[in-house]
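Residue-level listing of the chains:
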Amino acid sequence: MKKIIISTIAVSALLFTVTSCKTDFDTDVKDIQVSKGSADFTRYVALGNSLTSGYRDGALYIDGQNESYPSMIAQQMKLVGGGEFKQPLMADNNGGLILATSPTSTLQIANTKLYIKGFVDGSPELDNANGNVATTVVNTVLSGPFNNLGVPGAKVAHLLAPGYGNVQGVGPKTANPYFVRFASEPNTSVIADFKKQNPTFFSLWIGNNDALLYALAGADSSVETLTPPAQFAQYYNMLIDQIASTNAKGVIANIPSVTSVPALTTIPTNPLTAAVLGKGNVAVGEATIDDLNKNVYGPLSQILTALGAGDRIKPLSKTAANPLLIKDESITNLGAQITAAAAGSGNPTLVALSVYLGATYGQARQAKAGDLIPLTTKAAIGTLETLPPGIPASLGARGVAYPFADKYVLVPSEITEINSAIDAYNVTIKAAATAKGYAFVDANAKLKELSSNSGIVWDGVKYTAKFVSGGAFSLDGVHLTGRGYGVIANEFIKAINAGYNSSLPQVDPNKYSGVKLP
C-alpha cells in the first residue's frame, strides 16, 4: 500500500478559514430572475480533460464526476430549458482502472483515489482507497451519447485523434483508457462524438496537459514533452474550426500557470532537517550529517569555492533545515574540474573517488528559492540510486547525498520555459474566443487569485491554493475539490451571462465537498 506523508502541513492548518469578509462573487444564488438570453442550452456538451471530467484526489470516481463543473453548470441551465446532462460514470467511488488483457487476465493501469489515512507528527498521511484495488474495467464500454466529454490526460491534439478510444491502443499509448469506456466506436475521435450530438451550447477547457504534464515530470523531455506553441496553435484552431461547424454557441477557458497549483508549490526546497536525516527514513544508513559533510559536502564546497562556484554547495547544518541536492542542467558542467581537483588533492579518499565526484556533481547544487519541487518528489527523497562498485551506498541517497535528477525538480529556466509556452497558448485561446464570438473565462487569473494570500471568499468561507488546508484543491494538488470546481463553475457562468445576456444563477461552492478528514 502506498503511503505519502506531507510533512509541511500542521493539523491546525487543516480547518477551513472562516471570515466575515464579503463574497468575492458579484451575484448571489438566491432571488434572481433567470433567463437564457441569446443562448440555447437544450443540448450542452462539455469538452476538455481531467478538469472537465471531475477528476480529483488522483483518480476519477463517481462523487467527483457528480461534482464536475460542467455538471454544476448544467443544473443551472435546466432552470432555463437546459436538457439532461449525462456523464460516463465510473463503477465506484474509489476510482482506478482495470484493463482486461485476455478473457482470464486483467491488469490494473490506474490507481484508486487518495485519502487522508491519519496523521504522523501532526501531518496528514495519504494512502490509496480500497487497498489500491480498482473495479472499473476499461473494456466495459458504456452506452452514450455523453454530455461530459472530459478525458483525463488528454492534450489538445488528442481531441482530434481518430482511434483515441480504441482499446487496442491502450498498451502502446495511442489511445486513452478513459475515452475507451465511452467512445461511440473504436475509431472515432472526441471531437467527432461531440459533433454527432449536434450541440446547441458547449464549454471547452483544454490545453492544461500540454504544459502541466511536462512540469510535473520536472521538465524532463525523456518523460514528457512540452507542446511547442506553434503546434498548440495549429491543433487548437483546428479544434475550434470543428466546433464552429456545429454553429453552437459556447464558452472557452484559458490555461493556469503551473506556479498556481499546490502540486508544484507545497514541498519546500529545504526539507532536510537534522531530525529528518536522523530518523533513517531517507535511507542514508549509518551516515550522519558529520559523515556527509566529511565525505561529500565539505570537500565539494572547498573544490567549488576554489573554482569560483562556492554558492552551489555548502556544508549541512545540524540546527537549520537543509536544502535538497539537485542536478541543474542549466548551469556550467564543472565535472572535469572537480575530477582534476579531487585527483590532485593528496587525500587518498578523494583521489579514489575523483572520477565519480566529477561525473556526479558537475552540475549539482543545493535547491534554493525559485526552484519548484513536485509533490511526488517527496516520496523519492532518500531513496537509493544504484552506485558504481566501491562507492558507499549512503552516497546514493537521492536529494541528500546524490543529486536529484531532472525529473524530480523544476529549476527557474524550466519554469520560464513552461510559463512562456502557457502565455503563448493563452494568446491563441483568447484570439479564438474573440474571432468566433465565444464567451471567455480567464482561468489563469482566477487560479492566481486563489494563490494569493487573500484567496477567494464565498459566504464567509475562504478558499486558497494552499495544499489541503486551502479547501480548493484535492489531495493530488492539481485537481480541484467539489468546492474548488464550484468556484470554477461560477467563472464559467459569469462569462456565459456576460457573453449571451443570460442570467444563470451562480452555484454555492460551500454546498459541495472539500478535503475529507479522518
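Please refer to the structure placed before this passage.
Here is a short report on the structure shown in this document. Values in this document were obtained by computation on a predicted structure and should not be read as measured data.

Rules used throughout
- Residues numbered from 1 in each chain as written.
- Predicted model: local features only at pLDDT ≥ 70, side-chain atom pairs only at ≥ 80, totals over all residues.
- Heavy atoms only, no water.
- Core = buried A, V, L, I, M, F, W, Y, C linked by side-chain atoms within 4.5 Å.
- Buried < 20%, exposed > 50% of the residue type's maximum accessible area, 1.4 Å probe, protein only.
- Helix = DSSP H or I, 4+ residues; strand = E, 2+ residues; numbered from the N terminus.
- Contact = heavy atoms within 4.5 Å.
- Arc of directions from axis to C-beta.
- Axes fitted to C-alpha atoms, helices over the stretch in contact; angles between N-to-C directions.
- Parallel < 35°, antiparallel > 145°, perpendicular 65-115°, else oblique.
- Left-handed = near helix turned anticlockwise from the far one by under 90°.
- Polar contact = N/O pair within 3.5 Å; in protein donor to acceptor, adjacent residues only side chain to side chain.

Structural notes on the nonpolar core
Inference 1: One finds Leu204, Tyr236 and Ile243 to be the most contacted residues of the largest nonpolar core, which totals 137 residues.
Inference 2: Broken down by element, this core gets its largest block of residues, 9 residues, from helix α14 (residues 482-500).
Inference 3: If we skip the residues at most four places from it in the chain, Ile243 touches Leu47, Ile191, Phe194, Phe202, Leu204 and Tyr438.
Inference 4: Core analysis: the next-biggest nonpolar cluster, separate from the first, contains 10 residues, Met90, Leu97, Val138 and Val180 among them.

Some details on helix α10 (residues 335-343)
Count 3.6 residues to each turn of an α-helix, and residues three or four apart come out pointing the same way.
Inference 1: All of the buried residues in α10 are Gly335, Ile338 and Ala342. What you see down the axis of α10 is that its buried residues fit within an arc of 65 degrees, all on one side. Facing away from the buried side of α10, by more than 90 degrees, are the exposed residues Ala336 and Ala340.
Inference 2: Taken together, the buried residues of α10 touch α9 (289-306) and α11 (348-361).

Overview of the packing of helix α3 (residues 69-77) against α14
Inference 1: Closest axis-to-axis distance for the α3/α14 pair is 8 Å, and the angle between their directions is 50 degrees. Considering the angle they form, α3 stands oblique to α14. Where α3 crosses over α14, the two elements pack in a sense that is right-handed. Contacts between α3 and α14 involve Tyr69, Met72, Ile73, Gln76 and Met77 on the former and, on the latter, Gly482, Tyr485, Gly486, Ile488, Ala489, Phe492, Ile493 and Ile496.

Section: the side chain of Ser301
Inference 1: Within the secondary structure layout, Ser301 lies in helix α9.
Inference 2: Given the relative accessible area of 9%, Ser301 is considered buried.
Inference 3: Polar contacts involving the side chain of Ser301 include one to the main-chain carbonyl oxygen of Ile313, which spans 3.3 Å.
Inference 4: Not counting residues up to four positions away in its chain, the partners in contact with Ser301 are Ile313, Lys314 and Pro315.

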